[in-house]
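Here is how the chains run, residue by residue.
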Amino acid sequence: MATEENPVFQIQRVYLKDLSLEQPNSPAILLEQEQPSVDIQLGVEATPVADGIFEVAVTATVQTKIKDKTVFLVEAKQAGIFEIRNIPEDQMGPIMGIACPQIVYPYLRGNVADMITRAGFPPVHLAEINFQAMYEQQQAQVASAAPSPIITQ
């Protein structure tokens, strides 16, 4: 058997691709005593970089508000470069949508908590994510959005 046919899954690098913090209403908002609301949005994207090399990125947007005013907004994108070769096509989706994000996400969680703490706020810890459930939900949405075949008699 040729060694080229052995499946390959390797992490080449994990890195912080983008990170921003905004405090548009400071310093006045810092004097508020009310507890802020927290909204967290997550996303996953996979991009081919070269033959057998893929970038998988997990993004997080954390926005806290008091009433209608933003206390802070953090946007972060943590990425990884993965070498993935000789994997059956039907397994590529789960690898890119589940396995790779599970590797990258802990780095994103740490960077977001660190940024918020360095900004002078109590840390916001992103919850553990079940990427398999997230991937399956996305697949179900794609399937339900696909047009139904028209049957004619």
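Quick note: structure is the one above.
One structure accompanies this document, and this report is about it. What you see is a predicted model, and the numbers here were worked out from it, not measured in a lab.

The rules we used
Residues numbered from 1 in each chain as written. Predicted model: local features only at pLDDT ≥ 70, side-chain atom pairs only at ≥ 80, totals over all residues. Heavy atoms only, no water. Pairing = 2+ DSSP bridges. Helix = DSSP H or I, 4+ residues; strand = E, 2+ residues; numbered from the N terminus. Axes fitted to C-alpha atoms, helices over the stretch in contact; angles between N-to-C directions. Contact = heavy atoms within 4.5 Å. Phe/Tyr/Trp six-rings, centres within 6.5 Å; stacked < 30°, edge-to-face > 60°. Buried < 20%, exposed > 50% of the residue type's maximum accessible area, 1.4 Å probe, protein only. Polar contact = N/O pair within 3.5 Å; in protein donor to acceptor, adjacent residues only side chain to side chain. Core = buried A, V, L, I, M, F, W, Y, C linked by side-chain atoms within 4.5 Å. 1 Å grid on protein atoms, 1.4 Å probe; cavity = no way out; pocket = protein on both sides within 12 Å on 5 of 7 lines; lining within 4 Å. Points joined across faces, edges and corners; volume = space filled by probe spheres on them. Nonpolar A, V, L, I, M, F, W, Y, C, P; charged D, E, K, R; others polar.

### Describing the sheet that holds strand E3 (residues 53–66)
Pairing is antiparallel in the open sheet, where 4 strands are placed in the order E1-E4-E3-E2. Two strands close off the open sheet at either side, each with one partner strand: strand E1 (8–22) and strand E2 (37–50). Strand after strand, the sheet turns through a mean of 15° between neighbouring axes, direction not considered. Strand direction decides the pairing type here: E1 and strand E4 (residues 69–85), joined by 13 bridges, are antiparallel. Within E4, the position partnered with Asp18 by the bridge is Lys77. Strands E1, E2, E3 and E4 of the sheet are contacted by helix H1 (residues 89–118), whose axis makes an angle of about 140° with E4.

### Some words on the packing of aromatic side chains
Following the criterion strictly, the structure yields 3 aromatic pairs and no others. A ring pair is formed by Phe72 and Phe121, whose centres lie 4.7 Å apart and whose planes are at 40°; its orientation type is tilted. One end of the pair, Phe72, is in strand E4; the other, Phe121, is in the loop between H1 and helix H2 (131–145), and 49 residues separate them in sequence. Looking at Phe72, the relative accessible area reads 4%, which means it is buried. Judged by relative accessible area, which is 12%, Phe121 ranks as buried.

### Here we look at the environment of Asn130
With respect to the helices and strands, the residue Asn130 is situated in the loop between H1 and H2. For the pair Asn130 and Pro101, spaced 29 residues apart in the sequence, the C-alpha separation amounts to 10.0 Å. In terms of polar contacts, Asn130 uses its side chain to reach the backbone amide nitrogen of Gln132, at 3.1 Å. At 2.9 Å, the side chain of Asn130 forms a polar contact with the backbone nitrogen of Ala133.

### Let's talk about the pairing of E3
For a regular strand, side chains alternate in direction, first toward one face of the sheet and then toward the other. The buried fraction of E3 is high, at 10 of 14 residues. Examined bridge by bridge, E2 and E3 share 13 bridges and lie antiparallel to one another. By the bridge assignment for E3, Leu42 is matched with Ala60. Taken together, E2 and the strand that follows it, E3, pair antiparallel across an intervening segment of 2 residues, in which Gly52 is found at a positive phi of about 80°. The sheet contact formed by E3 and E4 spans 14 bridges and is antiparallel. If you follow Thr61 over to E4, its bridge partner there is Glu75. Connecting E3 to the antiparallel partner E4 that follows it, the hairpin turn spans 2 residues, and Lys67 within it adopts a positive phi of roughly 55°.

### Observations concerning the nonpolar core
Val62, Phe72, Ile84, Leu108, Val112 and Ile116 are the most contacted members of the largest nonpolar core, which totals 30 residues. Of the residues forming this core, the biggest block, 10 residues, is contributed by H1. In this structure Val112 touches Val62, Ala76, Val124 and Leu126, once residues within four positions along its chain are discounted.

### Thoughts on the layout of surface pockets
Counted as a void, the largest pocket has a volume near 240 Å³. Taken together, 15 residues line the largest pocket, and the ones lying closest to its centre are Pro36, Val71, Phe72, Phe121 and Pro122. Of all the secondary-structure elements, those providing two or more residues to the lining of the largest pocket are E3 and E4. Of the residues in the lining of the largest pocket, the class split is 11 nonpolar, 2 polar and 2 charged.

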